[in-house]
Each structure stands twice: as structure tokens, then as C-alpha cells.
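Listed here are the chains, written in short residue letters.
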Amino acid sequence: MNTTTSDFKTVQNDSDDSDEEYTPLYDDTDEPDQRTAQETKGWNLFREIPVKKESGSQATAEWVELSVKILKVLAYILVFIAVLGSAMIAKGTLLFVTSQLKKDRNINHCNKVLVPGQQFLTVHTLEERITWLWAALIVFGAPEFGIFLRSIRVCFFKTSRKPTILVFFVAFITETLYTIGIAILVLFILPELDVVKGAMLMNAMCIVPGILNAATRDRSDSRYSMKLALDIFAVSAQVTAFFVWPLLDGTSVLWWTPMACIFISLGWWENFISTPDKDTPAVFRQLYKFSKELKSTRYYTQRILSLWKIIVFMGCIMLSLHVQKDDPLSFFTSCSDAFSARNYTVHEYHVIQDITSDRDLVYDLTGGTYDLPASHYSSLWVALIQVTIAYFCFASAKYACKILIQAFSFTFALSLVGPVAINILIVLCGLRNSNPCAFHNTIPDYLFFEIPPVYTLKDYVGREMTWIWLLWLISQAWICVHAWQPRCERLAATDKLFWKPWYSGPLIDQSLLLNRTKEEDTEIQYENLENDLKEDIDETDNDGNKDYVRPSDSITRIYICATMWHETKEEMMEFLKSIFRLDEDQCSQRVARKYWAIHNSDYYEMEAHIFMDDAFELSNNNESVVNSFVKCLVNTIDEAASEVHTTNVRLRPPKKFPTPYGGRLVWTLPGKNKLICHLKDKSKIRHRKRWSQVMYMYYFLGHRLMDLPISVKRKEVISEHTYLLALDGDIDFQPSAVTLLIDLMKKDKNLGAACGRIHPVGSGFMAWYQKFEYAIGHWLQKATEHMIGCVLCSPGCFSLFRGKALMDDNVMRKYTLTSHEARHYVQYDQGEDRWLCTLLLQRGYRVEYSAASDSYTHCPERFDEFYNQRRRWVPSTMANILDLLVDSKHTVKVNDNISTLYVLYQMLLMVGTVLGPGTIFLMMIGAMNAITGMSNIYALLLNLIPIGIFIFVCMTCKSETQITFANIITCAYAMVMMMVIVGIVLQIIEDGWLAPSSIFTVVIFGSFFITALMHPQEMSCLLYLGIYYITIPSMYMLLIIYSLCNLNNVSWGTREVPQKKSIKELEQEKNEVEAAKNTMDANSILKFFGKSEEKDGSLECGVSGLFKCMCCTNPKDHKEDLHLLQIHNALEKIENKLKKLDVVEVTEPTVNSRPSSIGLRGERLSIVPEYEHSDISAEIPTEERDDLVNFNWIEDTELQKGEVDFLLTAEIEFWKDLIDAYLRPIDEDKDEQERIKNDLKNLRDTTVFAFLMLNALFVLTIFLLQLNKDQLHIKWPLGQSAFISYVSDINVVIVNQEYLMLEPIGSLFLIFFGSVMLIQFTAMMLHRLGTLAHLLSTVHLNWFCLKKPDEVTHHAKIEKDAVNMVKSLAKADLTGLESAGVDEGDVSRRRTILQLENSRVSKHDVFNLDTNFKRRITMLENADPASLPSLPWLGSDFTERRDTLRALKARRESVALERRRSQLLQIDPRSSAFRYGIPGTSGIPGHASGVYVNESYQPSALQDSDDESDVSVHGGTTSDGPANTPSRASVVRFNLT
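What you see is a predicted model; the values in this text were computed from it and never measured.

Draft legend 1. View of the overall build of the protein chain. What the protein chain contains, in helices and strands, is 45 helices and 22 strands. Buried positions account for 51% of the 1537 residues belonging to the protein chain. Considering only contacts within the protein chain whose residues lie at least 6 apart along the sequence, 79% involve residues at least 24 apart. Taken as a whole, the protein chain presents about 72100 Å² of accessible surface, with 59% of it coming from carbon and sulfur.

Draft legend 2. Just the pattern of salt bridges, in detail. Enumeration according to the criterion identifies 43 salt bridges in this entry. As a salt-bridge pair, Lys672 and Asp1410 come within 3.3 Å of each other at their nearest N and O atoms. One end of the pair, Lys672, is in the loop between β11 (662–668) and β12 (674–680); the other, Asp1410, is in helix α44 (residues 1409–1421), with 738 residues separating them in the sequence. Take Lys672: its relative accessible area is 1%, and that puts it in the buried class. Across the pair Arg846 and Glu848 runs a salt bridge, and its minimum N-O distance is 2.7 Å. In this structure Arg846 comes out as buried when scored by relative accessible area, which is 8%. Among the ionic contacts, a cluster of salt bridges with common partners joins Glu144, Glu175, Lys309 and Lys500.

Draft legend 3. Representation of a negative patch on the surface within the structure. Taken together, the side chains of Asp1227, Glu1228, Asp1229, Asp1231 and Glu1234 present a region of like negative charge at the surface. In this fold, Asp1231 is placed in helix α40 (residues 1230–1267). Given the relative accessible area of 62%, Asp1231 is considered exposed.

Draft legend 4. Quick peek at unusual backbone geometry. Its identity as a non-glycine residue notwithstanding, Lys325 has a phi of 65 degrees, on the positive side. In this structure, Lys325 sits in the loop between α10 (298–323) and α11 (330–333). In this structure Lys325 comes out as exposed when scored by relative accessible area, which is 74%. In the Ramachandran plot, Asn810 falls in the positive-phi region, its phi being about 60 degrees despite a non-glycine side chain. Residue placement: Asn810 occurs in the loop between α26 (803–806) and α27 (822–829). Judged by its relative accessible area of 48%, Asn810 is partly exposed.

Draft legend 5. Structural context of the nonpolar core. Ranked by size, the top nonpolar core spans 127 residues in total, and within it Leu187, Phe410, Trp472 and Leu512 carry the most contacts. Broken down by element, the residue count for this core peaks at 14 residues, all from helix α1 (residues 62–99). Leu187 has contacts with Leu101, Leu133, Ala136, Phe313, Cys316, Ile317 and Ser320, leaving out every residue within four places of it along the chain. Grouped together as the second largest cluster of nonpolar side chains are 125 residues, Leu909, Ala966, Ile1040 and Leu1188 included.

Draft legend 6. Structural view of a nonpolar patch on the surface. Side chains of Leu66, Ile70, Leu71, Leu74, Ile77, Leu78 and Ile81 sit close together on the surface and give an oily, nonpolar patch of about 640 Å² of accessible area. Following the sequence through the fold, Leu78 ends up in helix α1.

Draft legend 7. Looking closely at the packing of helix α31 (residues 900–932) against helix α33 (residues 959–991). Packing of α31 against α33 leaves a shortest axis separation of 8 Å and a crossing angle of 65 degrees. Where α31 crosses over α33, the two elements pack in a sense that is left-handed. Mapping the contact onto sequence places Met923, Met924, Ala927, Met928, Ile931 and Thr932 in α31 and Tyr973, Val976, Met977, Met979, Val980, Val982, Gly983 and Leu986 in α33.

Draft legend 8. Region of interest: the sheet that holds strand β17 (residues 846–858). Read from one edge of the open sheet, ten strands run β10-β11-β12-β7-β6-β13-β16-β15-β17-β14, paired in mixed fashion. Only two strands of the sheet have a single partner each, and these edge strands are β10 (655–659) and β14 (732–733). Bridge count for strand β7 (residues 604–612) against β12 is five bridges, and the pairing is parallel. Looking at the pairing, His609 lines up with Ile676 of β12. Contacting β15 (751–761) and β17, helix α25 (residues 765–788) runs over the sheet at an angle of about 160 degrees to β15.

Draft legend 9. How the structure looks around the side chain of Gln962. The residue Gln962 is located in helix α33 in this model. In this view, Gln962 contacts Phe950, Val953, Cys954, Cys957, Tyr1042 and Asn1046; residues no more than four positions away in its chain are not counted.

Draft legend 10. Molecular detail of the side chain of Lys674. Of note, Lys674 is situated in strand β12. You can call Lys674 buried: its relative accessible area is 2%. In terms of polar contacts, Lys674 uses its side chain to reach the side chain of Thr668, at 2.5 Å.

Draft legend 11. Spatial organisation of the confidence of the model for the protein chain. Here the protein chain averages 78 in pLDDT, while 73% of its residues score no lower than 70. Note that pLDDT drops below 50 for residues 1085–1094; the model gives that stretch eight contacts with residues more than four away or on any other chain.

Draft legend 12. Broad picture of helix α13 (residues 378–402). Over its 25 residues, α13 extends 36 Å from the first C-alpha to the last, a length consistent with the 36 Å expected when each residue adds 1.5 Å. Two residues or fewer past α13, Leu404 is found with a positive phi of approximately 65 degrees.

Draft legend 13. A look at the pairing of strand β6 (residues 556–564). Burial analysis of β6 places nine of its nine residues in the buried class, which makes it a mostly covered element. A two-sided burial pattern is seen for β6, the buried positions comprising Thr556, Ile558, Ile560, Ala562 and Met564 on one face and Arg557, Tyr559, Cys561 and Thr563 on the other. Relative to β7, β6 is paired through nine bridges, and the arrangement is parallel. Note on β7: the bridge partner recorded for Arg557 is Glu605. At this point the chain moves from β6, through helix α20 (residues 569–596), to the parallel β7, and the crossover so formed is right-handed. Here β6 runs beside strand β13 (residues 722–728); their pairing, made up of seven bridges, is parallel.

Draft legend 14. Representation of the state of the cysteines in the model. The final tally for this structure, using the stated rule, is one disulfide. For Cys110, the disulfide goes to Cys437, at an S-S distance of 1.9 Å. Between Cys110 and Cys437, the S-S dihedral sits near 105 degrees, and the bridge is therefore right-handed. Taken together, the positions of Cys110 in the loop between β2 (106–109) and β3 (119–123) and Cys437 in the loop between α15 (417–434) and α16 (457–463) put the pair 327 residues apart, joining distant regions of the chain. Here Cys797 is not disulfide-linked; the sulfur of Cys755 is the nearest cysteine sulfur, at 8.8 Å. We classify Cys797 as buried; its relative accessible area is 10%.

Rules of the game
Residues numbered from 1 in each chain as written. Predicted model: local features only at pLDDT ≥ 70, side-chain atom pairs only at ≥ 80, totals over all residues. Heavy atoms only, no water. Helix = DSSP H or I, 4+ residues; strand = E, 2+ residues; numbered from the N terminus. Buried < 20%, exposed > 50% of the residue type's maximum accessible area, 1.4 Å probe, protein only. Contact = heavy atoms within 4.5 Å. Areas by Shrake-Rupley, 256 points an atom, 1.4 Å probe, with all protein chains shown as cover. Salt bridge = Lys/Arg side-chain N within 4 Å of Asp/Glu carboxyl O. Patch = residues over 30% accessible without salt bridge, like charges linked within 9 Å, V, L, I, M, F, W, Y side chains within 5 Å. Lys, Arg positive; Asp, Glu negative; His and termini not counted. Charge placed at Lys NZ, Arg CZ, Asp CG, Glu CD. Core = buried A, V, L, I, M, F, W, Y, C linked by side-chain atoms within 4.5 Å. Axes fitted to C-alpha atoms, helices over the stretch in contact; angles between N-to-C directions. Left-handed = near helix turned anticlockwise from the far one by under 90°. Pairing = 2+ DSSP bridges. Polar contact = N/O pair within 3.5 Å; in protein donor to acceptor, adjacent residues only side chain to side chain. pLDDT = per-residue confidence, 0-100. Expected span 1.5 Å × (residues − 1). Right-handed = clockwise from strand over helix to strand, strands pointing away. Disulfide = S-S within 2.5 Å.

Written out as C-alpha cells, the structure is:
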């Protein structure tokens, strides 16, 4: 093949990346148009424009989106009410408790039950006060005991750091002082104040946070002076609480207020130490360090300090009794008397006004007393209400933060707690003060709040100085102003939302506001991505590389890894459309960031890869060529792109790369992202899905990451944010599904894998069955695993894996193990995705499930396909779970999310799986007995016969025969299951609804319906419940038997297609046939000795040929002769074919060879001799082939006329090393294969025997107990029948009760399944709440009334809707600017002829979203104002659209100016090239990312050409580029004509 080289023009790279080693996964260069305008002939103007199809993930779900928005509105309102109401009730109940703690307190008593018209009062006794002291202890101690339990769980089941002695001492002192402050407030100060003043004083607990705010302010802030002044005002306002009411009241106890305020506020000091900078004083740097240490060791210290605080509070209670001249030990000694039945005394009195004072009222007792029974449990009920409602407030507040409604439903609600509570308390106290019987039937008459004295409003506000409370409230709002500006991520963990992951029971609203994390640990400040870190260039690590971590290292990188085998065109279409949608979404975010400087936390980069197994086949000339599936993929790409973009899209032909494993095709998608198809040749690299996974793991995480010449710190960060999206070749999903999985990854750094909700797609009974089966499996099983432990299997069809987790020890490396034992074939190769998750779990990583992330995959539609698929899944599932259970002790130790209880749960499920067939068998017996009335023995035999025959068939016959027999039995059992339905109804009628079987049936089906109601989008799955029900015997009995009996069959079983055989395989087949023929001939020689196996023959006699008599003939010999004749003909055909393909050894090569630097391991190119001349082929000069230079499949015209390029030398070496190490095709050793075959058969026999014995014993035991249930049974206490008889002789009425009888084991079995269902149903409900929170957190509502002034500008609109604007501008059809798309207007008004004429001259450009955006934004800026009404996405009216357009133009110009300025100030980051080019790129400025250039070729300076005509096989020339263009690594391309 003759080639010529030419120069290339340089394509400018407008990427704004400044990292040296960092290269984006997309190709951010503008590809010039290489096609010219062509005129279409008039007779061929008729068009076919793609119409968007709505199916699978594209199905219309507007009602779902609207429902979620409505739920978001309801969430705002309901959570606001929940937070405000619960916090207010918690505060009120606390003040109710403290109101009962004052000694010798007089309380007005209701006179309804005494003497109407008289006034009564009561005085609290010591016993009464002790009950309320216990209530105060419960209110304070319940949250502390809760954090104690949480700390124990974290320390024992998760990882916690141990503090140093100094850190523990600081925590000890701080928490002790905080507890003393709470005790002083609750036990001493609040009892001396009325409830209104007490509620006001609670807003003055922020003195220490206020001081720290002022001391740690950023001095470089332009508004520093104003903020400092406000801080000083806030601190001053808080200080006034120290003396204002102690001076007015004169009570000595109130002078403890300063101590209480300081000690309490000291408990929140850690949250108000700002991140230090270079100007921060050393003392605050040390405090910041201590705060970080305290937070990281929180759970370890709280194991001790939480209990210590309860003890300290209890000591303060005893101190309060001592101060009040009571026995401190009476808190314990009088406890039994206090909480037992007792009375309280009511005194009659008259009120006397003191003439010397207008304030004091004197009570004159008249001597009348009454003893009334006390409600001795009232204090405990009030404490229980306070503890419950306080926790509900904490949960509601946390939920508000998680779903990003913090400003309104958290901060605003908590800020209103004080004012609303005070106003309600004033109303309640006024009602009680005017009428002591106002709450007679609600609250015990001798209990109520400490009511403020009756004042005029002027006196209460002025002389009592309650106006100063407004200053406390305002100062608290300023100190907690950070809570109005949340920066948390979606679904953030509690430890991120709150500095201390708990709350204070007595001060619920203050603790939540002050404890809300002030400074978030954000993943990455996306605003800094444009500029690199300005650090000293001399800061290096030991290897001489820059050691600092760059902002670009934290960008989310997604490598899409799809494995394909033999997918159909429709399946490929669904996958490719998903990739194009993801490409469009990523491009929109990138363009918004690039041109408008819009930075959002959801930004990611992507690169799509397809790994196609068995991509090559042998041609008629015995050459390796791509198969029909590769050609189908190539021909489908444009069609998929056209359907996504709703216009005729033509991508550039794929670039072709020879590789050591086969080949590679590279497309540039419309969004400039790469789609790379790796064509695997099974003769060069191992095939099957697991080895494709090993292939891409080592490629992306090994070669593309670990080979980077950067520091270890940067690799750590990059690996943390690198994700592998494992897909099947038929998956269908939306970009939002990937975003939801990434949210889970960002939320938990220990999350190794995450999967979404898989929806099966297909038609027919088997597909309908799987729709319901998948629904139940995800609704109950996966949700339960997620909530109580970890998901055990993240399906390989749609899962996201964290790169760092896969790179851990005993994960990726262990995943490369070759199967050498029988169980390895079952566990490793039959369910590779489950084994990979098992490895992650055993290394301590978590695997989660997101029900909001939807994807759709094709499922088997035929019975045999389904059975063969499950034949792989069932044994691998059981093997991996058993592996996890056997290693459970170690797994529980290293994995924080797997507990012993979760292991027990999995054991229960394993027992249910093993004994499931026996259970179904017993159900069939019971159904036949109930319906037909036949005895249990006959029913047993009738069911045993088909099952026994099926087991025999599975152990002896071929798979096709087994499946056929299973299909027949399935149909028979489907009819029996209809009988079961009738039997269940009759049983319910006979035994009643309270019978155990009735209750179990109702619970099972009721849980299904309730679960479906909790998944409204998937309620249609209930339509297939009937099919699921009638196939239960087949799927839970026959399928298990079939899977275990075929344990030795490790073939894939699905998508199998016949493949063309190679010469070696044909020769082997010929040898086997000849061996069989020789064996037959050898046996025939022994026939005279009686040892022949030949059974045919005859006795012949004749006379001179006149006649011939044959006796004792056997007609079988004709069949044998016919068989031998067929064998002979087959041998002749094989010999003829081998002659045509036979190779003659050549002594002299006809073509001279030369050394190639890219040959295998530096060897010379092998010399391929010419084929021998044959009758059917002409004499054609053959060409020597090198699979890495002039590979033959390059000439396949069905792969389109794309360029040819070559890999970097470093990557070629990587692939060769990887293949040598792990992926070399396994040699077929007959002895080894025979051994494995025997081992698999032995494993099958052992497993089947154990399985049959366990089920046989179980069935026999239950069956015998059922036969003898009259002697061995348990009486069911519900639903008994009563029979009344009258004996007239003795005049006696006899009542006989008949109970339902349950056999013991059957009862245990019922309890077992009932417990599993209860666990799964509860976990499902909790998981639905989490899923709802996830969905609500992704919805943004346009609350105009809540926006700040700077949020209603046009620039704010751009920032919010930038991505949607970019999508609208970049799409193919833009109404108002261009006439494209299908005209769906009125038929009579369609301008069909004009549109056809306009399409006569069309320029067929390569579709590029970035180019579309730039062209159309220019068109918009210069557009006629009349076109603006057709662009609703710019605004609601004409003026808003015009102003938004101006803002877009101004923002774009500003960003471009800033970029030019920064480029002038920065040094070219790519001045120092790597040895083999930058990993992950071609090493060519402006060249496509992911394209690799062979640096072995080093001709003269070459430059990129705008038209990319490059090298032609006919020696065509191109225009010369600039003479001063720097040289680069050579690119050799071939354009086929």
C-alpha cells in the first residue's frame, strides 16, 4: 500500500484548561467543515426526518415531574410546620416542666369539682417536685443517651479515631461546663422566672459564638467593618441578659444567669472558628486545629462523655435540692412514693390587695382544705412528649437541610419559634389567669405554667424591660446568619449538616441553629476551575512533581464502559441514544461553563467506550474481518444520533486504530465527547464479559491514571473522583439517572458502587413475569439490603463504580484470577458483577441502591432464554452469598455497614432459597387436597411423579430437552395454581379471616399493593401479578432444580450464534471423524471371533450365479451403511476445503520485509506465504500483513471511509504487557478440560444430592406432621368456632370451642416468612422516604417572593437556566431562527413544496453542538426583534427576552475578555511534553482527546490540516501550513477511496 505524507494546518485549541498533566476527556476543538454544498436532484428531494420516539427512558413522564414539584411545595409547607410546631411544643413542654420545680409555688386550682364560686390554691409537695426533677433529667438525658448508643454503634461497627489526652481533656471540660450551664438554666433560673421571660431568656445563649464571629472575621472582606460593627452589637445585646432581670427582680439565684449563658454557649464554640488564613492569629489557628480534632474523634469521646453529662446533670439536681433546704438523697429515696398513688392538698383562700403596692397580691387562707388524688405519672407523660417531639423536630430540620429547603423550612421556622411560643404562652397564661378552669379537662388542675403577674402592657414592656428581648432575638439572628445561606450538598450526611450530630433537648431551636455547620467541606470550588492554584512553583514532592492538588483534579470523570456481544440493532439503538443524550447534557454544561462562566456542582466529564467481544470472524480467504455486529453498530450510530437530535445527523466516519487486542473505532460525538469501540479478537485476548471488565479497569485506572507523571496526592484526588459506569450494550437511560448515582458517591466517600432501578423491556408472558419480578426485587429486596446493610449485587447492566475502590487491594487484582477449580467457574464467571461487589464488600466498601435512577434493559422473551440466563444467575448468587457468609466474621470486622444482624438476615434468605422448592411442593399437595378432596398421600404421589421425572431428565438429557419438559410442567402447574387460588378462597371461607393462612395471604397481597402504591410510577407492574403468581412453581421450584442440575454447564447460554470455524478447528474435526471411522473398522475385524460390536449380517448361498439365497438378514445394516456413506461424503467435503486453504511453504519471500518498531516485541514482520493456486481463485498477488500496521479489516468499506491512526508506543506496550499478564487466551488443554469437566460434574452431583436430601427431609417432616396434626399441634388463639348444644335431660347448655390447629414446624415456617416480609416492608417504607428526599433535592422551584434582589436580575436567570439555554441553542431545530424539523401544523397550511425547494441546496455539515451554539448565539444577538416571541425560553414577555439576550451578550464578551487576559498572563502549560505524549490524549495540540499517536514515526514537521485530507492512497497533495509551526508526533492516516 503506497502512502504519502503531507503537512497539516494547526487547529487552535480553545480549551481553557491550565493544568499541565490534566487533559479533559472531551475534544474541545472546533472541527472544520470538510463537506461542500451539494445540489440534490429534484426527483430526490423528498425527505425523511426523524421523529422523537417516546419509549423506555424517553416515555412521557410530565405527570411525574409535576407531581414531584407539587410534593416539593408540600414539603416546604409541611416541613416548615413540622419544624416550627415541634420546636414550639418542645420549648413549651420544657417550660411546663421547669414551672413545677420552684419550691413552695402557689397555683390557682379549679373549683368545679370543689365549691363553685370559691377560690382555691395548692402548693407543690416535695414528692411532686421530685417527679418533675426526674422529668427534667429525662428531657436532658434522652438525647445524650441517644448519642451514646450511636457512638457505641459507630465505634463497634464502623471506624472512629481515638483522641489524644489533650483533645479528650478539652472535650471533657467543654462538655462538663455546657452541662452545668444547662442544669443552672433548667433547675435554678427558669423556675424563678415566669414562662414568658424564660422563653425570652433562651434567645440569649449565643455570647461565645458571637465573640468568635467577631474575632475570626475575614479582614480582607470589603464589608469587614460593617460586619464587625454588627458583631459588636450582637455581643453587647447578648451581654445585657447577664444583669437586666437580676437587677429588676433582686432574686439572688438569677445572678447565676451570666454563668449559665457563657457555659451553654461554650458548647457551640467549635462551629464558629473560621478556617484560618495567613493573617489569622496563632491562638485561633490552634483552636481551629482543636475543633477539627474534636470533630474527628467525636464518637469515641461521646461514649464516655454522654453518660458523664447525665451524671453531672443528676449531681446538679441533688445540688438544687440542697440549695432549697431539702435532702439531696430524697431524689432517690422518695422516688417510689412520688410515682405511686398519692394525694395533694387544696386550700381555699381570699385575695387581698396590698394598699401599699399596686403589684403585690396577698393570699389569705380561709382554712378550708381538700385532698384530691394526684396524677403521679403526669411528669413522665410530659417528658415523653418533650423527648418525642424534640427528636421529631431534629429529624424534620435535618430533612429540610437534606432536600435543600433550609432557608425557609429550617432557618426561618426556627427563628420564629421564640416569637410564636411567647405569644402563645401569653394567650394560654391569660386564659388560665382569668379562668382557673380553662383547661380543666386537658391539664391536671394543680399543674400549669408559671403565669406572669397581671400587668398593663405598658408596665410589662417598659418597667419589666421585656423590650430588650427584641435585641436578643436580633442578635441571635445575626450570629446564626450562616444558617440563611446553606451551601450543603444534596442528601448530605448528618455529620456534614451539623457540627455535632445531635441536639440539646432543653434548647432545641438554639442548638439546631448554632450547631448547623457554618463552613461546608465542599468537594470542589468550581469557581476556581478557570484559574490554577497560585502556589510556589518550587513546592515539589520527592519525584520532582508538583505536589499540590489542583481544582481540576476534583472534577467528576465518568468512563462509560459498555460490554457488547451479540446485541440486535434495536438494542444497540437504545444504548447509543443514551450515549448521545449524555453527550448532549455534558456538552451543555461545558459550553455554559466555557462561554458564560457558569459553574455548577453537577459538572462532569465523560468518555464513552464499547468493548465488543468476538468482534472478528474468518472470511472466505481465512482472513480476520469484523463481523456483522460491528458493521451493524457502525451503520446504527447516525440513525441513533438523528433520533436523539430529531434531525438527520451524520457523524464523521470513525478513525481506525490497530491494537494488540484487535482494533479500535473512534467517533467524535456532536458534543465533542469521544465514543470508542474496542474490537476484541478472541484469538488475541480473552473474551467474555469479566475479561472485558478487567481490560477497561486496568486501562483507565492503571494506564490512564497510575502511569501519569504526577504526585501521589493528585492521583489520590483524581481516583476519588473517577467513576466507571458499567453498562450493557442494550441499556437505555437518561443523564439524570447518572447524576443521581454520582450524588450518592459524593455523599459517602466509602461508597464503592451504586446501582439504580432496572426496568426490563420486552413483550410476551416471560417479559411480563420479569417486570413484576424485577419490581418486587427492587421494591423489597434491594431496598432492604440498602437500609439494613449493603446491596450485595450492583448489576453490571447499569452501575457506577468508584475508581479508588476498584484499585484497592484484593479487588481489581483478585478480579483477574483465572478459574482453576470447579466452584470458581460458578462464582467468578457466571455472575461477575456479583463477585465484584463481593470483593468490594469484603474490603469494607459500601454498595447502595437508588430507586430514583431508572434504566431500561431488554430481558429474555423466550422461555429457554430465560431459563438459561437464570441457570447462570442462581448458582452464582448462592455461591457469592455463601462466600460472604463463610467470611462473615472478617467482613463484619472490616465493613462498617455489614453487621451480624444483617448476616443473620442473609442466612434466613439463604435457608428460604434452599427450602423454597420443598415449600412449593407442599403447597401443591395442599391445593390438590383442598380442591379435589383426594388424600394427602395421592396428592404427594401425583406431584412427586413429574418432579422426579424432571430431575431424572435434568441429570441425563440435553439442555433443550430439559427446558422443553420444564415448559410442559410449567403449563400444567399454572393450571394447578389456579386451583390454589380457588383453594385459598375456600380455605378463607371455611376457617375465617382470622385463620393463620388467611392472615398470611392478606398480608402478602396487601403488602404488594401498598408497596405498589408507594411506587406510583411503577403501579402498572401490578397488572402482571397474576402471571407471577401462576408461575411460582416453575420459577421457585423447577428453575432451582434446573439450575443446580446444570451446575456443570458453564456456557453463557444466551445470545449464542454459530461461528465460522478456522482451519485448525476444521482439521481437528476431520481427525475426530477419521478416528471414529477407524474405530468402526477395527471393531468389524473381530466379528468372526464373536467380539465384534457389529450386529448386522446375513447367510448367503447360490448356484453358479443362477440364484442367490439370503437368510437371517438384519435390516439394520442398511442404516449403518447409509451412515457410513454420509460420513464419507462429509470427509470428502472437509478434504476439499482444506486443499483450498492449504498453505505451501515458500523458500523465498515474494515481498521484502523491513523491521518495524511497532511490531510485536520488536520482532520482524512475519512473512506470509502466498496461497497455492486453486481452480476457484485467480492468481492474485498477496500482501504481507501486520496487524499493527496494515491490518486487513481497514479495507472493509462497510466501516466507512474513516482515517487510520496508530496508538502511542507506551499504550501498545501496556496492552501487550496486560495481555501477557492476565488476558492471554486460555490454551485448550484437553487433559485440563477433562479434569475441570469431571470436577464440575462432581460438584453438581454433590450439590444436587445435598439439595434433594434437605428438601426431602423438610417435605417429609412437614407432611408427617400434617398427617398427625391431631396429636402434634398448636392451638391458634384467633378464629375459633363455638358450638352450643342443649341437653334437656339434665337441663345443661354445653358450649364447645374448636380451635384451628397448627403443626409446630409449620408455625415456625409461617413466623419465618412473616418476619422476612415485615423486615422488607419496613425497610421499603424507610427507603421510599430516602428516595423521595433525593428526588425533592433535585427539584428547584421558582419562588420569586423569596428571591434576593440580586437573584431576580437577568444575569441571575442566566446562572440558573444556563444549561437549558445552551441545550435550546445547540439543538438541531431552533424555531424562529431556522426552518428545520417536521412540520406538524395544519395540513392545508403546510408549505411542503417550498421546504423541498429550500432543501435542494444543502450543506451537509458534521453535526456539532458547540458550533451550533456559537453560530446561533451570534444569530440571536443580531436577530430581528420579531423573532423573539418564538423563543419562550428567554423569558415570559418581549421585554424580558430582549434584556436576557443583552445580558447573554454582555456575559459572553466579559468571559472572552477575561480569558484573553488570563492567557496573556499565564505561561503555556504544555511546554514540557511527556515521553510518549500526555496519557489520555494524542499528544497533539488541538487533537482529539482519546486519540493516540504512534511516536515511532518521526518524519518532518507535520501540522494539522483544516480539511484533514492528510494522506491519500493515491498520493494527493494538500496545502502547506505555516512554516514556523512546531513539530509534533507524526500521524499517519489512510483515506480509502
